[in-house]
Amino acid sequence: GQQVMQIPQYQHVQEGEDFTTYCNSSTTLSNIQWYKQRPGGHPVFLIQLVKSGEVKKQKRLTFQFGEAKKNSSLHITATQTTDVGTYFCAGPRQTGANNLFFGTGTRLTVIP
Amino acid sequence: DGGITQSPKYLFRKEGQNVTLSCEQNLNHDAMYWYRQDPGQGLRLIYYSQIVNDFQKGDIAEGYSVSREKKESFPLTVTSAQKNPTAFYLCASSRVGRGGYTFGSGTRLTVV
C-alpha cells in the first residue's frame, strides 16, 4: 500500500542552526502538502506544491518538490524557538482527490 | 471568523460505551475528514465525506461510524467495538479535490 516516510523522526538543533526534513513517497504524487503541529496543538497547513521541481519560500522556510514528484523537503534557515513542533508532509491517495495520506512526521526541538 | 469547531475538547469513556464527537465547520467546504493520532504518531484516516449524505471508509474505520446529514456537520461515533479508542481525534475540512486542510482543535478521548 501507499507509504509516505519522513526522516529524521526526531531532530534537536541549537537555536540559529538550520534544519531539514525529507519526505519520500512510494508512489508518484500529484501534489504534496506540508503541515506544522505545535506540541499539544492541531496540524496547520503551511503550503502545497504541485509542479515537478517546484521550490517555494515562506520567510525562513524553503519547500521543494522533487523532479519525479515522489519526494519533497522542508528546510528551515536559522531556527527559532517558535519553530518547535512536528512537521508532516501529506500526499493525495488518488489523483484528483484531496484525500490525504500523511507522512510519519519529523519532531523538531530547538534548544535556546 | 470561519473555522472548524470540535467538541468536547476532552472526553472520558467507560468500557462498552458509545460516544459521539462533534465537528462543525462554517468554511463552506464540501469535504470533511476524521483522523486519529496516537502519541508520537502520524495521522491515520478513519472516514471522509466529499458531499452530503455520502462518506467512505478510511484505513481504520472498524469500530467507528459517521453521518453527513448537513454540509456543516460530520459527527464521529466511537462504538464499543473499537478496542483501543484512547487517542487524539482530529476533524478537518477542505475543498473537494484541492487545497490544504483546515483542522479543528481536536478531541482527546480516554477510556476509563
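Residues numbered from 1 in each chain as written. Chains lettered and ligands numbered in written order. Predicted model: local features only at pLDDT ≥ 70, side-chain atom pairs only at ≥ 80, totals over all residues. Heavy atoms only, no water.

Caption draft 1: Up close: the state of the cysteines. Residue and element names in this part refer to chain A. Per the counting criterion, the structure on display carries two disulfides over all chains. Cys 23 shares a disulfide with Cys 89; S-S distance 2.0 Å. As the torsion about the S-S bond is roughly 75°, the Cys 23-Cys 89 disulfide counts as right-handed. Of this pair, Cys 23 sits in strand E3 (residues 19-25) while Cys 89 sits in strand E9 (residues 85-92), placing them 66 residues apart in sequence. (Disulfide = S-S within 2.5 Å. Helix = DSSP H or I, 4+ residues; strand = E, 2+ residues; numbered from the N terminus.)

Caption draft 2: How the structure looks around the interface of chain B and chain A. Contacts between the two partners involve 22 residues from chain B and, on the opposite side, 20 residues from chain A. Roughly 1,500 Å² of surface becomes buried between chain B and chain A when both sides are summed, with 49% attributable to carbon and sulfur atoms. On the chain B side of the interface with chain A, the three residues burying the most area are Leu 43, Tyr 101 and Phe 103 of chain B, jointly 30% of the side's total. In this structure, the connection of chain B to chain A is made through one salt bridge. For Arg 93 of chain A, the salt bridge goes to Asp 59 of chain B, with nearest N and O atoms at 2.8 Å. Scanning the region where chain B abuts chain A turns up seven residue pairs in polar contact (both at pLDDT 80 or more). Contributions of two or more residues to the side of chain B that touches chain A are made by strand E4 (31-37), strand E5 (43-51), strand E9 (87-95) and strand E10 (98-103) of chain B. Ranked by the residues each element gives to the side of chain B that touches chain A, the list is headed by E10 of chain B, at five residues. (Contact = heavy atoms within 4.5 Å. Buried area = accessible area lost by both parts, 1.4 Å probe. Salt bridge = Lys/Arg side-chain N within 4 Å of Asp/Glu carboxyl O. Polar contact = N/O pair within 3.5 Å; in protein donor to acceptor, adjacent residues only side chain to side chain.)

Caption draft 3: Spatial organisation of the packing of aromatic side chains. All names here are of chain A. Throughout the structure, instances matching the rule amount to 16 aromatic pairs over all chains. Seen in terms of ring centroids, Phe 19 and Tyr 87 are 6.0 Å apart; in terms of plane orientation they differ by 45°. Their pairing is tilted. Linking Phe 19 in strand E3 with Tyr 87 in strand E9, this pair joins segments that are 68 residues apart in sequence. Residue Phe 19 is classed as buried on the basis of its relative accessible area of 2%. (Phe/Tyr/Trp six-rings, centres within 6.5 Å; stacked < 30°, edge-to-face > 60°. Buried < 20%, exposed > 50% of the residue type's maximum accessible area, 1.4 Å probe, protein only.)

Caption draft 4: Spatial organisation of the pattern of salt bridges. All names here are of chain B. For the structure on display, the rule yields six salt bridges over all chains. Salt-bridge contacts for Asp 30 lead to Lys 71; the nearest nitrogen and oxygen are separated by 3.5 Å. Placement of Asp 30 in the loop between strand E3 (19-25) and E4 and of Lys 71 in the loop between strand E7 (64-66) and strand E8 (76-78) is noted, with a sequence separation of 41 residues between them. The class for Lys 71 is partly exposed, based on a relative accessible area of 23%. Connected through shared salt-bridge partners, Arg 36, Asp 38 and Arg 44 make up one network.

Caption draft 5: Quick peek at the sheet that holds strand E1 (residues 4-7) of chain A. Residue and element names in this part refer to chain A. Here five strands make up an open sheet; going across it, the order is E1-E3-E8-E7-E6 and the pairing antiparallel. Edge strands, defined here as strands with exactly one partner in the open sheet, are E1 and strand E6 (55-58). Neighbour to neighbour, the strand axes of the sheet diverge by 15° on average, direction disregarded. (Pairing = 2+ DSSP bridges. Axes fitted to C-alpha atoms, helices over the stretch in contact; angles between N-to-C directions.)

Caption draft 6: Representation of the side chain of His 29 of chain B. All names here are of chain B. Inspection of the secondary structure puts His 29 in the loop between E3 and E4. Reaching out from His 29, the side chain makes a polar contact with the backbone nitrogen of Ser 94 at a distance of 3.3 Å. In contact with His 29, other than residues within four places in its own chain, are Arg 68, Lys 71, Ser 93, Ser 94, Arg 95 and Thr 102.

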